[in-house]
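Inside the fold
Below are the chains, spelled out letter by letter.
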Amino acid sequence: MKKISILAIALFSTAVVMAQDYGTGMHIELKDGSVSTFVLSDIRELSFAQASFADNYKSFPIAVDPEKASTPDGAVGCHNGPYNLEGKDGDHLAGLFSPDLNSYFTTCYWDGHHFDETYNSYVDIDLEKNVRNIAFEIALRGGNRSSCFPKIVKIYAMNSSGQWVQLGDEVTGLNEKVDPVTHYAPVGVFTSSFEFSKVRFSVVQGWGKILSGTMAVTEAYWDCGHLAVYGL
């Protein structure tokens, strides 16, 4: 029994609150409040999958259908905002999930009207498949615009009760992680104790506050050229 307990705690050391053996398997309570029971073979399989994904997440791309993603009500990528060039700035969700960095995504939060107090400036994504592991990479708009690039991000997954559960810690300093050649920054790899198919990509802070004439951009305003999604 002791060996199983040590193994369980080793595998989930960053998330375990309690681990106890009930005879049929390890009953493990995680920091996100979920409780799961694993037998030894399950733990080995789960550990292997997580380790494999973390090292090779680019081998598991998910093609997101823009029609299966959404922003807060009314946040339509600045197509109808007062500061747009010819009434349009960006290609909204089609631009967000397109690898063409010139077909970009931008939010419309100049006055904070669509800013959520809990989840900030976010995009909800339906993966159309269940995963336990997810990773993101995000690219500069046009490959060179860094002024509004996300700086602090949180990732959430929806559990079976319809609640958003944060995965891991918030990611900071994304603007400092951009590869000068590819123009992408790794957001990170996130693992959940439960399967999920819906994720929330939440930008807590864009690349600072921008003042341009009478246009004051809130810190939640952000844009990017592409959000790449990977999952297993």
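Residues numbered from 1 in each chain as written. Predicted model: local features only at pLDDT ≥ 70, side-chain atom pairs only at ≥ 80, totals over all residues. Heavy atoms only, no water.

Considerations on the overall build of the protein chain
In terms of regular secondary structure, the protein chain is built from three helices and 14 strands. By the burial criterion, 47% of the 232 residues in the protein chain qualify as buried. Carbon and sulfur atoms make up 50% of the accessible area of the protein chain, which totals about 11,700 Å². (Helix = DSSP H or I, 4+ residues; strand = E, 2+ residues; numbered from the N terminus. Buried < 20%, exposed > 50% of the residue type's maximum accessible area, 1.4 Å probe, protein only. Areas by Shrake-Rupley, 256 points an atom, 1.4 Å probe, with all protein chains shown as cover.)

Structural notes on the pairing of strand S7 (residues 152-158)
A large share of S7 lies buried, amounting to five of its seven residues. Two strands pair when backbone bridges link them, and S7 and strand S8 (residues 164-166) are joined in this way by three bridges, in the antiparallel orientation. Bridge pairing links Tyr156 to Gln166 in S8. (Pairing = 2+ DSSP bridges.)

Digging into the pattern of salt bridges
Scanning the entire structure with this criterion turns up four salt bridges. Ionic pairing is found between Lys58 and Glu137, a salt bridge with its closest N-O pair at 3.5 Å. Residue Lys58 is found in the loop between helix H2 (40-56) and strand S4 (69-70), and its partner Glu137 is found in strand S6 (residues 121-139); the two are separated by 79 residues along the sequence. Under the relative-accessibility criterion, Lys58 is labelled exposed at 55%. Here Asp126 makes a salt bridge to Lys198, at a shortest N to O gap of 4.0 Å. Of this pair, Asp126 sits in strand S6 while Lys198 sits in strand S10 (residues 184-205), and the two are 72 residues apart along the sequence. Judged by relative accessible area, which is 35%, Lys198 ranks as partly exposed. (Salt bridge = Lys/Arg side-chain N within 4 Å of Asp/Glu carboxyl O.)

A closer look at the packing of aromatic side chains
Under the counting rule described, the total for this entry stands at nine aromatic pairs. Their ring planes at 70° and their centres at 5.2 Å tell us that Tyr57 and Tyr230 sit as a pair that is edge-to-face. Here Tyr230 lies in strand S14 (residues 226-231) and Tyr57 lies in the loop between H2 and S4, a separation of 173 residues in the sequence. Between Phe194 and Phe196, the ring centres sit 6.2 Å apart and the planes meet at 70°, which makes this aromatic pair edge-to-face. This pair shows no difference in class: Phe194 is buried, exactly as Phe196 is. (Phe/Tyr/Trp six-rings, centres within 6.5 Å; stacked < 30°, edge-to-face > 60°.)

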